[in-house]
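Here are the chains, one letter per residue:
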Amino acid sequence: MTALQDQVAEFLAAHDPKTLPRLDFLRARFDAGLAWVYFPPGLGGQAAPRAEQAGVDAAFAEAGAPDNQPGRNTIGLGMAGPTILAFGTDEQRKRHLRPLWTGEEVWCQLFSEPGAGSDLAALATRAVRDGDDWVVTGQKVWTSGAHNAQWAILVTRTDPDVPKHQGMTYFLCDMTAPGIEVRPLRQITGEAEFNEVFLTEVRIPDAHRLGAVGEGWKVAQTTLMNERVSIGAVAQPREGGMLGVLTKTWRERPELRTPQLRDRLVQLWVEAESLRLAGDRLRQQLTAGAPGPEGSAMKVAFAELNQKLSGLEIELLGEEGLRYDDWTLRRPESVDFTGREAGYRYLRAKGNSIEGGTSEVLRNIISERVLGLPSEPRVDKDVAWKDLPR
Amino acid sequence: MNSPDLLYSDVEEDLRASVRALLTDRADAAAVLARTESTEPYDLGLWRTLAADLGAAGLMVPESLGGHGASARETAVVLEELGRSVAPVPFLGSAVLATAALLPTGDELLSPLASGELTAALAVPLTTAPGSPFPATVRADGTLTGQVRTVADASAAATFVVPAVSTSDGPGLYAVDSSAATVTEVVPLDLTRRIADVTFSGATARPIVLGPAAESALDSALSTAAGLLASEQTGLAEWALTETVTYLKGRYQFGRPVGGFQSLKHRLANLYTELVNARATARYAADALAGGYDVPIAVAVAQARAAPVAVHATEEAVQLHGGIGMTWEHPLHLYLKRAKSDELAFGTPGRHRTRLAELVDLPG
Ligand SMILES: Cc1cc2nc3c(=O)[nH]c(=O)nc-3n(C[C@H](O)[C@H](O)[C@H](O)COP(=O)(O)OP(=O)(O)OC[C@H]3O[C@@H](n4cnc5c(N)ncnc54)[C@H](O)[C@@H]3O)c2cc1C
């Protein structure tokens, strides 16, 4: 038993998950430094190696403790949290990290815009200083879970007169503030997991700025690096995730098996296991610092694998693969790539190579920032943002 | 639950640095290429330095048996470096295969093997996969008679460890002096790892271990070799990727480095992604072999993953070098030939997938 597991046992002895109300339990777990153990003391952790997290989570799960429902707050936990930790003031960290981790406050990501997707730095949502506030106007798009969120991480344009990477500023945005309107956008799955978000003269106090004025790009980079790892390198047991869904069907349904499907399944089994190990390896390296561009490779491989697995599942199911469970437009509470049925999984997996940076853009990042190959000739680098063609 | 260590320890990094320094000094591309056409395809001087002076031959052997008491993890690091240099030394045949076969027996040959005084080879075809039936091509009835084809590193060996079957004792491992065997080198696809057909005609032999213990010693050797070969494959792929990146940064066409063209960048990014995955499986296999846990699955996954990655990386390297990649003069072909041969060694990826399907209960 490691010291951490002793602490979990002690904590469980003092806090009975069966009797303590869910939120009280989670808050106490945070305060005991057993939430994200690799975070600093006082902020839900104890600066432990990141690789220890999975063991701690498993110990809590084994004891039947309530979890913080990570599927409801993937953006908060995977992206907003680490970014606030890296760039937040002491006050911001104290104010936000606890309710973020417990799930009391769900976060969304106001980055992409109609004119700025892969080229995020082209974004146009304007923030203008007004006394102690900023006044923000613009449109965001593809905002996952905005309909559930109390808070958002938001990147804006504060200086249109300088080249695009230099004129951005990053904010923590209260989603209940006047001037914010969230409209559902229906996806190919039928549901509306993402939204359009319109911001009309939304007032954001300067105290909610994350990082310096004009440094929004740098702060956003931290968010994006974390996003790639949080999508592509989830800690999992062997046969976790999409593979587990498929192997279960394979074992339970002998009538569906063919030799040709079997070899494809085993190939994907090998790919999934190697990606799982690569994720473990990355987490062991990460104990020293925040994720770098290397994490992009995990996301590229994850997207490809999930798409192949979910495609194979439909083929395996034969006639059943022709059916779909439900096309009703709904606005889901949480995201689960392996949830619902085969048709949903197949369609939802298509987003894996688009969300969080497309696979094409991530391959650019790997080749330029990991392998050091020359970047594309740039026509936009030294031009003021306002003079860019669009 | 095991928590595997997938990183390289400081000690392993130190070992890597010494091996790399030696190979950079003594086995640069020109030297390796020149030797492939010489009458002495193995660099025995280099082998002595690596095996004896650096102690690489005795890494897996316990100190009580004359070795260095390290493990498969350190051996894997040596193989990575050998993969990066394709240096012509009989490390796989002697320090991995023959040594691993003897380890469970505690045989007296281990001590000279570990010190680098003795070079041995395990007399099995290089394509033999873990889990194969015990080979029956050699009969043991007082003396050994029979032939084993395509034995790796046979021509460098002074002693053979020979699996043979006798009427009275069943399967056994026997020690045979190379002077008692006929070793016929074949022309190999892989120019830096020689293979030979080895024939025994009433050869004098010393029994090492007989019966089920012989079967399990052989299987453990094949399993160890297959698992550790993934580290050599990782080294091959890493070399091919690094070399290609360097070349494409410096090669100008259309007024730009061709490494700036996106179709090539994306292919290299894919190779990088494959390499990251292959390395994780190779490290896992090495750690599993060292710790004696989850070995069959770890080995099958590592071979099923790393073998095709090494082939893909070296094939891509040839294509992306253009005409230069097709020349004898550029060392790339040595890596391609090694990677393709390695794909067959100790079972093809398809063979390992079939085994894996049984191991993880994916019935047909
Ligand atoms: C399911 C889902 C959820 C999402 N959730 C959020 C969210 O919560 N918050 C948020 O801010 N955003 C979110 N996004 C948006 C996502 O980040 C963008 O869709 C993505 O960055 C791509 O931008 P785009 O859609 O404008 O495509 P474009 O940038 O227009 O790309 C079109 C095509 O061109 C390719 N391309 C673009 N540039 C290059 C290049 N330089 N080299 C090669 N190919 C290139 C792309 O790969 C793509 O194939 C989500 C997207 C999806 C699908």
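- Under an unreviewed UniProt entry, the name given to chain B is Alkylation response protein AidB-like acyl-CoA dehydrogenase, and the source organism is Amycolatopsis sulphurea.
- Within the UniProt record for chain B, the comment given under Cofactor (unreviewed entry) is "FAD".
- Under the heading Sequence similarities (unreviewed entry), UniProt records this for chain B: "Belongs to the acyl-CoA dehydrogenase family."

- The name given to chain A in an unreviewed UniProt entry is Alkylation response protein AidB-like acyl-CoA dehydrogenase, with the source organism recorded as Amycolatopsis sulphurea.
- According to the UniProt record, the Sequence similarities (unreviewed entry) comment for chain A reads "Belongs to the acyl-CoA dehydrogenase family."

Observations regarding the overall build of chain A
- The helix and strand inventory of chain A stands at 11 helices and eight strands.
- A compact globule built from 390 residues would reach a C-alpha radius of gyration of about 21 Å, and chain A, at 22 Å, matches this within 12%.
- Oriented by its inertia axes, the alpha-carbon framework of chain A measures out at about 65 × 50 × 45 Å.
- When the 390 residues of chain A are sorted by exposure, 54% land in the buried category.
- Across chain A, every contact between residues at least 6 apart in sequence was considered, and the portion connecting residues at least 24 apart equals 71%.
- Of the roughly 16700 Å² of accessible surface on chain A, 52% is carried by carbon and sulfur atoms.

Comments concerning the nonpolar core
- In this structure, B:Leu50, B:Phe91, B:Leu173, B:Leu228, B:Leu268, B:Phe346 and B:Leu356 are the most contacted members of the largest nonpolar core, which totals 149 residues.
- Considering each element in turn, this core owes the most residues, 17 residues, to helix H7 (residues 212–250) of chain B.
- Setting aside chain neighbours within four positions, we find B:Leu268 in contact with A:Leu371, A:Leu373, B:Leu241, B:Thr244, B:Val245, B:Leu248 and B:Leu320.
- Among the nonpolar cores identified, the runner-up in size contains 32 residues, and A:Leu26, A:Val219, A:Ala220 and A:Leu224 belong to it.

A closer look at the site of the ligand
Residue and element names in this part refer to chain A.
- By nearness alone, 18 residues border the ligand, and Ser-118, Trp-142, Ser-144, Thr-358 and Glu-360 come closest of all.
- Between the ligand and Ser-144 there is a distance of 2.7 Å, counted from a nitrogen atom to a side-chain nitrogen or oxygen.
- Asn-364 places a polar side-chain atom, nitrogen or oxygen, 3.4 Å from a nitrogen atom of the ligand.
- In isolation the ligand exposes 980 Å². Once the protein is present, 68% of that is buried.
- Class assignment for the residues of the shell around the ligand results in five nonpolar, 10 polar and three charged.

Notes on the domain arrangement of chain B
Residues and elements named next belong to chain B.
- Here the domain parsing of chain B yields domain 1 (10–119), domain 2 (138–211) and domain 3 (215–360).
- Once you take the C-alpha centre of each, domain 1 and domain 2 turn out to be 21 Å apart.
- Residue-level contacts link 21 residues of domain 1 with 18 residues of domain 2.
- For the domain 1 and domain 2 pair, buried surface summed over both sides reaches about 1500 Å², with 64% attributable to carbon and sulfur atoms.
- On the domain 1 side of the contact with domain 2, Thr-36, Tyr-42 and Thr-119 bury the most area, a combined 31% of that side's loss.
- Linking domain 1 to domain 2 there are two salt bridges.
- Residues Arg-206 and Glu-108 are paired through a salt bridge, measuring 3.7 Å at the closest nitrogen-oxygen approach.
- Where domain 1 meets domain 2, there are seven residue pairs in polar contact (both at pLDDT 80 or more).
- Listed by contribution, the elements that provide at least two residues to the side of domain 1 that touches domain 2 are helix H2 (29–36) and helix H5 (91–102).
- Sort the elements by how many residues they give to the side of domain 1 that touches domain 2 and H5 lands first, with six residues.

Concerning the pairing of strand S7 (residues 195–204) of chain B
All names here are of chain B.
- Pairing of strand S3 (residues 143–152) with S7 involves eight bridges; the strand directions are antiparallel. Among the inter-strand pairings, Leu-144 is bridged to a residue of S7, identified as Ala-203.
- In the sheet, strand S6 (residues 182–185) pairs with S7 via four bridges, with the strands oriented antiparallel. Note on S7: the bridge partner recorded for Glu-185 is Ala-196.

Here's the deal with the interface of chain A and chain B
- At the junction of the two partners, chain A supplies 40 residues and chain B supplies 41 residues.
- Of the roughly 3600 Å² buried at the junction of chain A and chain B (both faces included), carbon and sulfur atoms supply 64%.
- Ranking the residues of chain A by area buried against chain B places A:Arg262, A:Arg281 and A:Leu371 at the top, with a combined share of 17%.
- Our count for the contact surface shared by chain A and chain B stands at five salt bridges.

Description of the pattern of salt bridges
- Within this structure, the stated rule accounts for 64 salt bridges over all chains.
- Among the salt bridges present, the one from A:Glu252 reaches A:Lys248, with a minimum N-O distance of 3.4 Å. Of this pair, A:Glu252 and A:Lys248 are both found in helix H7 (residues 241–252), four residues apart, which corresponds to roughly one turn of the helix.
- What makes A:Glu252 exposed here is its relative accessible area of 53%.
- A salt bridge links A:Glu255 to A:Arg253; the nearest nitrogen and oxygen atoms lie 2.7 Å apart.
- A:Glu255 sits in the exposed class, given a relative accessible area of 54%.
- Taken together, the shared-partner salt bridges in this structure form one network comprising B:Glu13, B:Arg16, B:Arg20, B:Glu80, B:Glu81, B:Arg84, B:Glu238 and B:Arg279.

As for the UniProt feature "domain: Acyl-CoA dehydrogenase/oxidase N-terminal" (unreviewed entry) in chain A
- The sites that carry the UniProt feature "domain: Acyl-CoA dehydrogenase/oxidase N-terminal" (unreviewed entry) are, in the present numbering, residues 5–104 of chain A.
- Secondary structure across residues 5–104 of chain A divides into 57% helix and 0% strand, with the first and last C-alpha atoms of the span separated by 26 Å.

A short note on the side chain of A:Thr102
Residues and elements named next belong to chain A.
- Relative to the assigned elements, Thr-102 resides in helix H5 (residues 90–102).
- A relative accessible area of 1% places Thr-102 in the buried class.
- At 3.3 Å, the side chain of Thr-102 forms a polar contact with the backbone oxygen of Pro-99.
- Filtering out sequence-adjacent residues up to four positions away, Thr-102 remains in contact with Leu-23, Leu-26, Arg-27 and Asn-68.

A look at helix H10 (residues 332–344) of chain B
Residue and element names in this part refer to chain B.
- With 13 residues, H10 ought to run about 18 Å at 1.5 Å a step, and its terminal C-alpha atoms sit 19 Å apart, in line with that.
- Most of H10 is tucked away, with 10 of its 13 residues classed as buried.
- Inspection of H10 places Leu-332, His-333, Leu-334, Tyr-335, Lys-337, Arg-338, Ala-339, Ser-341, Asp-342 and Glu-343 among the buried residues, and these make up the whole buried set.
- The inward-facing, buried residues of H10 abut H2, helix H4 (72–85), H7, helix H9 (295–320) and helix H11 (349–359).
- Phi turns positive, to about 55 degrees, at Phe-346, one or two residues after H10.

Calculation rules
- For every chain, the first residue of the written sequence is number 1, and numbering continues from 1 along that sequence.
- Chain letters and ligand numbers both follow the written order, the letters beginning at A and the numbers at 1.
- Reporting of local features is limited, given that this is a predicted model, to residues whose pLDDT is at least 70; pairs of side-chain atoms are given and counted only at 80 or more, and all residues count toward the totals for whole chains, interfaces and linings.
- Water and hydrogen atoms were dropped before computing side-chain values, which therefore reflect all heavy atoms in the structure.
- UniProt positions are given in the numbering used here, feature names are shortened, and annotations may be inferred rather than shown by experiment.
- Secondary structure elements follow DSSP: runs of H or I no shorter than four residues count as helices, runs of E no shorter than two count as strands, and numbering proceeds from the N terminus.
- Throughout, the radius of gyration refers to the C-alpha atoms, and the reference size of a globule is 2.2 Å times the residue count to the power 0.38.
- Under the scheme applied here, a residue whose accessible area is under 20% of the maximum for its type counts as buried, over 50% as exposed, and between as partly exposed, the area being computed with a 1.4 Å probe on protein chains only.
- By the convention used here, residues are in contact when the closest approach between their heavy atoms is within 4.5 Å.
- The accessible surface values rely on the Shrake-Rupley method and a 1.4 Å probe; as for residues, cover is taken only from the protein chains in view.
- Nonpolar cores were defined as sets of buried Ala, Val, Leu, Ile, Met, Phe, Trp, Tyr and Cys residues, with membership established by side-chain atoms within 4.5 Å.
- Nearness of a residue to a molecule or strand requires only that one of the residue's heavy atoms be within 4 Å of it.
- For the purposes of these results, a polar contact is taken to be a pair of N or O atoms within 3.5 Å, where, inside protein, one atom must be able to donate a hydrogen and its partner to accept one; residues adjacent in sequence count only when each atom of the pair is a side-chain atom.
- Each residue is assigned to one of three groups, with Ala, Val, Leu, Ile, Met, Phe, Trp, Tyr, Cys and Pro labelled nonpolar, Asp, Glu, Lys and Arg labelled charged, and all others, Gly among them, labelled polar.
- For every domain, the bounds stem from an assignment made automatically or drawn from a database.
- Buried area: the accessible surface (1.4 Å probe) lost by two parts on joining, summed over both.
- Salt bridges are counted wherever a side-chain nitrogen of Lys or Arg sits within 4 Å of a carboxyl oxygen of Asp or Glu.
- Whether two strands pair depends on DSSP finding at least two bridges between them.
- What a helix is expected to span follows from its residue count: subtract one and scale by 1.5 Å.

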